[in-house]
Amino acid sequence: MIVAGEPSFRESVDLMFNRAAALMNLSPGLEHKIKVCNATYTVRFGVRLRGKIETFVGYRAVHSEHLEPVKGGIRYAPNVHQDEVEALAALMTYKCALVETPFGGSKGGLCIDPRQYDEHELEQITRRFAYELIKRDLIHPSQNVPAPDMGTGEREMAWIADQYARMYTTEINARACVTGKPLHSGGIAGRIEATGRGVQYALREFFRHPEDVAKAGLSGDLDGKRVIVQGLGNVGYHAALFLSQEDGAKVIAVLERDGAIVDSDGLDISALREWIAKHGGVADYPYGTYIEDGASLLEADCDILIPAAMEGVINLTNVERIRAPLIIEAANGPITAGADEILRKKGTVVIPDLYANAGGVTVSYFEWVKNLSHIRFGRMQRRAEEAHHQLLVDELERLSADKGLGWELSPDFKRRYLQGASELDLVRSGLDDTMRTAYQSMREVWHSRPEVTDLRVAAYMVAIERVALSYRSKGL
Ligand code: NAD
């Protein structure tokens, strides 16, 4: 989305970078090196569809190769352009550094409206796009590893993995060329939900710090908090579902392409998602009030606003009217640099994208490690862990019986304690740890330096420092 009269998405990311770099002690040469996008490849390829040759335009931007492989999703949207993929690739560099996934930043995009094609056509187009990138090592297990983004999902990732395997038939690590694959094609449990789950873990961690919560003028925990979500796609759906089902938050409005649905008592997220899947939008959803001008709901009264659709939606045209005291950027770049400045002046707390939506790349990292190690997480330990726990339970029960103590472990405790960790448990644990640790690293900078006034600048500072260290150790 290009916002008239405002810097482009890439310029917006650069302005945010500059704000952080100004508070750091980098040499000007290194600062520039970190900021610029290393390379962007543009490809135009033809596919014969419905009896005609159609030409598609795709991009793969590599922002920083301080660590390899570089990592970043592939987006399918009609208005994808070079500026956008470069902005997203830069965000990937900073995001990976912040959550300590050992990757440089990359991003790809294809100018396409996927809803205009059937599954077979999309497969042909995806395979051809993948072929063009694979033959230039822009998809490669140790060079460049894509993942899903807006408009793509595990189906497209499975096609890409298969295309790579067809071109490199003896490559034992072929599956590690892309993440976000279905479980049966080398994927990992918990990847689909990962970004939304990460948003939930980020909010939980934020609410563990009453001082931070108070900065947003809020108190307590997530229970009962009124949430508005824009975009009920992969990220928005999972975030909304988990926050409402597991943390007691009330999702009072969901904004989609065709309008918004509002219910001050809280929406049933699963039912709404099913409705959208069936009817293509939120209009006529029977359990809530439909508002045609969905974007106006960004300005509604709520405790937490979750933009989870696309970039640039909070900009100079609406920022003054935004009332949410806390915004968590589940999408990449939903707030323009200009709007960000105004929100800071208003005292709005923003949990920034490079942290908030890092759950996806974190679990992608786990998937990549799984692919390279060729074994499911937990496969070796699970039953051994259960056997150890069983030993303890047996001993406690024996002691209780021998000494006539009458202790009885509740069946629920026993069931939960005796169960060894599955791959999903381990993935969630690793993600939770990552989100907590990254929050604490930003928070430390936020609270220890008076000139650091917000979480975004703190996040950039942590990330840039790590990238700088990496470049310095390479002799730059
Ligand atoms: P998606 O395609 O699954 O969902 C996007 C949703 O937003 C769809 O439901 C769509 O209908 C809706 N939408 C689009 N334009 C809208 C508009 N103008 N108003 C309201 N709703 C609109 O995409 P996604 O994967 O959920 O990605 C969403 C955002 O999250 C993007 O910014 C993406 O870069 C970011 N992100 C995604 C992942 C991931 O793992 N998928 C990871 C990190 C960041």
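Shown above is the structure to which this text applies.
Residues numbered from 1 in each chain as written. Predicted model: local features only at pLDDT ≥ 70, side-chain atom pairs only at ≥ 80, totals over all residues. Heavy atoms only, no water.

Help me understand the site of the ligand, please; the structure alone is not making it clear to me.
With respect to spatial proximity, 22 residues lie near the ligand, and among them Arg75, Asp149, Thr195, Glu256 and Asn332 are the closest. A distance of 2.5 Å is found between an oxygen atom of the ligand and a side-chain nitrogen or oxygen belonging to Glu256. Between an oxygen atom of the ligand and a side-chain N or O atom of Asn332, the distance comes to 2.9 Å. Starting from 830 Å² of accessible surface for the ligand in isolation, the protein chains cover 85%. (Near = heavy atom within 4 Å. Polar contact = N/O pair within 3.5 Å; in protein donor to acceptor, adjacent residues only side chain to side chain. Areas by Shrake-Rupley, 256 points an atom, 1.4 Å probe, with all protein chains shown as cover.)

Would you mind going over the environment of Lys71 with me for this structure?
Structurally, Lys71 is set in strand S3 (residues 70-77). Residue class for Lys71 comes out buried when judged on its relative accessible area of 1%. In this structure the C-alpha to C-alpha distance between Lys71 and Thr101, which are 30 residues apart in sequence, comes to 9.6 Å. Ignoring anything within four residues of it in the chain, the contact list for Lys71 reads Arg60, Met92, Phe103, Gly104, Gly105, Ser106, Val145, Pro146, Ala147, Thr179, Val361 and Ser364. A distance of 3.2 Å separates a polar atom in the side chain of Lys71 from the backbone oxygen of Pro146. (Helix = DSSP H or I, 4+ residues; strand = E, 2+ residues; numbered from the N terminus. Buried < 20%, exposed > 50% of the residue type's maximum accessible area, 1.4 Å probe, protein only. Contact = heavy atoms within 4.5 Å.)

How should the packing of aromatic side chains be read in this particular structure?
Tallying each qualifying case throughout the model produces 15 aromatic pairs. A cation over a ring is seen here: Arg197 above Phe242, with NZ or CZ 3.6 Å from the ring centre. (Phe/Tyr/Trp six-rings, centres within 6.5 Å; stacked < 30°, edge-to-face > 60°. Lys NZ or Arg CZ within 6 Å of the ring centre and 35° of its normal.)

Got a minute to help me understand helix H4 (residues 119-134) in this structure?
Since there are 3.6 residues in each turn of an α-helix, residues three or four apart along the chain are aligned in direction. Its 16 residues place the ends of H4 22 Å apart at the C-alpha level, agreeing with the 22 Å of an ideal helix rising 1.5 Å per residue. Along H4, the residues that are buried comprise Glu121, Leu122, Ile125, Thr126, Arg127, Phe129, Ala130, Glu132, Leu133 and Ile134. Close packing links the buried residues of H4 with strand S1 (39-49), strand S2 (52-64), S3, strand S4 (104-111) and helix H5 (154-167). With a side-chain oxygen lying 3.1 Å from the backbone nitrogen of His120, the N-terminal cap of H4 falls on Asp118. (Expected span 1.5 Å × (residues − 1).)

Just checking my understanding: could you explain the packing of helix H1 (residues 9-21) against helix H10 (residues 337-346) for this structure?
Pairs of packed helices are described in terms of their axes, by the angle between the two and the distance that separates them. Two elements in contact, H1 and H10, have axes whose closest approach is 9 Å; the angle formed by their N-to-C orientations is 45°. Relative to H10, H1 is oriented oblique. Contacts between H1 and H10 involve Ser12, Leu15, Met16 and Arg19 from the first element and Ala337, Asp340 and Arg344 from the second. Among the residues forming the contact of H1 with H10, the class breakdown is three nonpolar, one polar and three charged. (Axes fitted to C-alpha atoms, helices over the stretch in contact; angles between N-to-C directions. Parallel < 35°, antiparallel > 145°, perpendicular 65-115°, else oblique. Nonpolar A, V, L, I, M, F, W, Y, C, P; charged D, E, K, R; others polar.)

Help me understand the pairing of strand S6 (residues 226-230), please; the structure alone is not making it clear to me.
Looking along a regular strand, one sees the side chains alternate between the two faces of the sheet. Of all five residues that make up S6, four are buried, and the element is covered over most of its length. When S6 meets strand S7 (residues 250-256), the two strands line up parallel, connected through five bridges. When the bridges of S7 are listed, Val227 appears paired with Val251. After leaving S6, the chain enters helix H8 (residues 234-246) and then returns to the sheet as S7, a path that is right-handed. As defined by bridge partners, S6 adjoins strand S10 (residues 304-307) across four bridges and the pair is classed as parallel. In the sheet register, Val229 faces S10, and the bridge partner there is Ile306. (Pairing = 2+ DSSP bridges. Right-handed = clockwise from strand over helix to strand, strands pointing away.)

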